[in-house]
Amino acid sequence: MTKYRNGEQVKAGFYWNTKEWEAHIVKPEGGALPGGPEATYVRLPLLAVLVFAPLMGAVYAFFLPFIGFAMVAAYLAGRIRRMFTTTPPAVEQRAGIAGLTPEVRVEAAEEDRFKKAA
């Protein structure tokens, strides 16, 4: 199989990007292949496209319900896991005081002393 790189001028047909797993259709007059510097393409014969495209659609339709079941199972497993995990206790926070610097802690301690004294 001949491999083509991005930017190459190619004749009309179906080209498969092997790095990104996507098909690119080149118009009848031909043209350049798009993609990044590492994009490589393989030309797909028309007969292969006509055979494998419906098969890929059938495989997708067949496995779609199983994907839904897997998503529901993952959701339920997460909910059950959260029931048995503990979270750290909440920290008391006061508006306007972050308590991250020593100066703020001293000011907060002084405020507490004045409130207790009053």
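Notes on the structure in this doc start here. (Residues numbered from 1 in each chain as written. Predicted model: local features only at pLDDT ≥ 70, side-chain atom pairs only at ≥ 80, totals over all residues. Heavy atoms only, no water.)

Attention now goes to the sheet that holds strand E1 (residues 3-5). Strand order in the open sheet formed by four strands is E1-E6-E3-E4, and the pairing between neighbours is antiparallel. The open sheet has two edge strands with one neighbour each: E1 and strand E4 (22-26). Neighbouring strand axes in the sheet, compared pairwise and without regard to direction, differ in orientation by 40° on average. (Pairing = 2+ DSSP bridges. Helix = DSSP H or I, 4+ residues; strand = E, 2+ residues; numbered from the N terminus. Axes fitted to C-alpha atoms, helices over the stretch in contact; angles between N-to-C directions.)

Let's shift gears to the nonpolar core. Membership of the largest hydrophobic core is limited to seven residues, which are Tyr4, Val10, Tyr15, Val26, Leu33, Ala39 and Tyr41. Each residue touching tyrosine 41, except ones within four places of it in the same chain, is listed here: Thr2, Lys3, Tyr4, Asn6, Tyr15, Trp16, Asn17, His24, Leu33, Pro34 and Gly35. (Core = buried A, V, L, I, M, F, W, Y, C linked by side-chain atoms within 4.5 Å. Buried < 20%, exposed > 50% of the residue type's maximum accessible area, 1.4 Å probe, protein only. Contact = heavy atoms within 4.5 Å.)

Moving on, we come to the pairing of strand E6 (residues 40-44). Strand direction decides the pairing type here: E1 and E6, joined by three bridges, are antiparallel. For arginine 5, the partnering residue across the bridge sits in E6 and is threonine 40. Pairing of strand E3 (residues 13-17) with E6 involves four bridges; the strand directions are antiparallel. Looking across to E6, one finds that tyrosine 15 is bridged to arginine 43.

The grouping of Val59, Tyr60, Phe62, Phe63, Leu64, Phe66, Ile67, Phe69 and Met71 at the surface amounts to a nonpolar patch, some 990 Å² of accessible area in total. Relative to the elements of secondary structure, phenylalanine 62 occurs in helix H1 (residues 46-84). (Patch = residues over 30% accessible without salt bridge, like charges linked within 9 Å, V, L, I, M, F, W, Y side chains within 5 Å. Areas by Shrake-Rupley, 256 points an atom, 1.4 Å probe, with all protein chains shown as cover. Salt bridge = Lys/Arg side-chain N within 4 Å of Asp/Glu carboxyl O.)

A positive phi angle, near 55°, is found at tryptophan 21, a position not held by glycine. Tracing the sequence through the fold places tryptophan 21 in the loop between E3 and E4. Tryptophan 21 gets classed as exposed once you look at its relative accessible area, which sits at 65%.

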